[in-house]
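# Commentary on secondary and tertiary structure
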Amino acid sequence: MSKKQIKELLNLSSTAEKQKEIAKKILDNKRITTEEGLYLYEKTDLPYLGLLANYIRERRHGNKTFFNKNFHIEPTNICIYSCTFCSYSRKFNNEDAWEYDFEKIVELVEKYKDTDVTEVHIVGGVHPHRDIYYYGKMLKKIKKIIPDIHIKAFTAVELEFMIKKSKMTIKGGLTKLKEYGLDSIPGGGAEIFDADIRKQVCHEKSKSKTWLEIHQTAHELGIPSNATMLYGHIENYSHRINHLERLRDLQDKTKGFQTFIPLKFRNENNKLSHITETSVIEDLKNYAISRIYLDNFDHIKAYWVMIGKENAQMSLNYGVDDLDGTIDDSTKIYTMAGDKQKPSMTTNDIIKLIKDVNRKPIERDTLYNEIKKEEK
Ligand code: V47
Ligand code: SF4
């Protein structure tokens, strides 16, 4: 259907020549340039972007919409950094600071022992006292309770710190963590790669080069990872395209990224609260352009906790094919930044959400192996 619509668009005299050129490239499965990416952000509208992005999404995945059964652990919100967009981190002596001890972590994991959850996602603050040996012990304890659970843990920012603290090289540190049970790396900490913007929003933490180096090394060691982009704060469209370009380049080299997750900036309780959050239209445009631009990424994921369930449903027509998981309500990173929804959905909730917009729910594991087909 969308192929026919794109062909009709190519025949319309009112369609701008540049839009026709880009649409033709998409039909021919060709890569668009940085300049064309910027043009998409600056000069095109949502119906056009949706048409192209949905065509690509359906060419790759048809009607399939992936989700997984996972739970999150945020071991601590104590963090040495002070990113201006962050609502969640606290210094040691703050009354809202927390750190779970191993007993608490074990208690959290045990809740899922005899369930069909396939993944645990672990992301937290950069705690000044915690090194690889500490986190290694944590991973081992988790695997002891649920041996075949997939552990997706630690952003590149957390990894850089714990590896340095343990006086290891990136390669040495990641190898050690793999031995301890690390299976893949989440996409956080990327924020925006542009150096000027990074300086303004998170000047102390990992440089873009280091973030990319950690992911590249992980891929070379057989540890897959995800990629994110935090958008809708002080960056402009060329910063976003530059970010996507750098991810696309690395993916050409390693093929180690599994999915791209645009993260919408939420503005409550942080130093950027004066910034108005992006509109739904802008969010959908951003998903669509990500789908069009990242031609070497298999999946585009909407993190429903952050954009809300209805917007996540809409995103499935704008390039998104994955809605993340049935997250347990221990996640605080977004509720502290303004999300009002309790971040938890049962499997039936997520299946219904997907079916309600005529897509086909597919449960996957972290590596996108299909677990069980849900017939419509
Ligand atoms: O790096 C922090 C972002 C990230 C805010 O790989 C904020 O499957 C919006 O890594 N508004 C951490 N975003 C989360 C993360 C993640 C999330 C979902 C899926 C995956 C995955 C990874 O959260 C941080 C930062 O970019 N963040 N504060 C905020 N106020
Ligand atoms: Fe720390 Fe991460 Fe928050 Fe930055 S975004 S202050 S690194 S918890």
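Scroll up to find the structure this text is about.
Keep in mind that this is a model prediction, so the values were computed, not measured.

## Describing the site of ligand 2
- The immediate surroundings of ligand 2 are formed by Cys79, Tyr81, Cys83, Phe85, Cys86, Tyr88, Ser89, Gly125 and Lys205.
- Grouping the amino acids of the shell around ligand 2 by side-chain chemistry returns six nonpolar, two polar and one charged.

## Description of helix 5 (residues 102-110)
- Of the positions making up helix 5, those classed as buried are Phe102, Ile105, Leu108 and Val109. Along the axis of helix 5, the buried residues cluster in a sector spanning 120°; they form a single face.
- Summarising the contacts, the buried residues of helix 5 are in contact with strand 2 (70-73) and helix 6 (132-145).

## Overview of the sheet that holds strand 5 (residues 225-231)
- What the three strands build is an open sheet, ordered 5-6-7; its pairing is parallel. Each of the sheet's edge strands pairs with one partner strand only, and the pair in question is strand 5 and strand 7 (299-300).
- Looking at chain direction, strand 5 and strand 6 (residues 257-264) are connected through six bridges and run parallel. By the bridge assignment for strand 6, Ser225 is matched with Phe257.
- Of the strands in this sheet, strand 5, strand 6 and strand 7 are in contact with helix 12 (residues 280-293), which crosses strand 6 at around 160°.

## Some thoughts on the sheet that holds strand 4 (residues 150-153)
- Read across the sheet, three strands follow the order 2-3-4 without closing on themselves; strand pairing throughout is parallel. The sheet is open, and its two borders are formed by strand 2 and strand 4, each paired with just one other strand. Strand-to-strand twist of the sheet, defined as the mean angle between neighbouring strand axes without regard to direction, takes the value 20°.
- Pairing analysis gives four bridges linking strand 2 to strand 3 (residues 119-122), with the strands arranged parallel. If you follow His72 over to strand 3, its bridge partner there is His121.

## Quick notes on the site of ligand 1
- Taken together, 23 residues lie near ligand 1, and Phe85, Lys152, Gly187, Gly189 and Glu191 sit nearest.
- Taking Lys301, its side chain carries an N or O atom lying 2.9 Å from an oxygen atom of ligand 1.
- Its free accessible area being 620 Å², ligand 1 has 97% of it covered by the protein chains.
- Of all the elements in the fold, those that place two or more residues in the shell around ligand 1 are strand 5 and strand 6.
- When grouped by side-chain class, the residues that make up the shell around ligand 1 number ten nonpolar, seven polar and six charged.

Reading the values: rules and limits
- The numbering scheme is per chain: residues are counted from 1 as the chain's sequence reads.
- Key to labels: chains lettered from A, ligands numbered from 1, both in the order written.
- Residues qualify for local features only when their pLDDT is at least 70, as the model is predicted, and side-chain atom pairs are given and counted only at 80 or more; totals for whole chains, interfaces and linings, by contrast, use all residues.
- With hydrogens and water stripped out, all remaining heavy atoms of the structure feed into the side-chain values.
- Residue proximity to a molecule or strand is established when one non-hydrogen atom of the residue lies within 4 Å of it.
- Think of it as three bins: nonpolar holds Ala, Val, Leu, Ile, Met, Phe, Trp, Tyr, Cys and Pro, charged holds Asp, Glu, Lys and Arg, and polar takes everything else, Gly as well.
- Three exposure classes are used, based on accessible area relative to the maximum for each residue type with a 1.4 Å probe and protein chains only: buried under 20%, partly exposed in between, and exposed over 50%.
- In DSSP terms, a helix is any run of H or I states spanning at least four residues, a strand is any run of E spanning at least two, and both are numbered starting from the N terminus.
- To be clear, the arc concerns the directions from the helix axis to the C-beta atoms.
- Pairs of residues are marked as contacts when any of their non-hydrogen atoms sit within 4.5 Å.
- Think of it this way: DSSP has to see at least two bridges between two strands before they count as a pair.
- For every element, the axis is a line fit to its C-alpha atoms; helices are fit only across the contacting stretch, and the angle between N-to-C directions ranges from 0 to 180 degrees.
- Polar contact criterion, stated in full: a pair of N or O atoms within 3.5 Å, where within protein one must be able to donate a hydrogen and the other to accept it, and residues adjacent in sequence count only if both atoms are side-chain atoms.
- Surface accessibility in these figures is a Shrake-Rupley result with a 1.4 Å probe; residues are shielded only by whichever protein chains are displayed.

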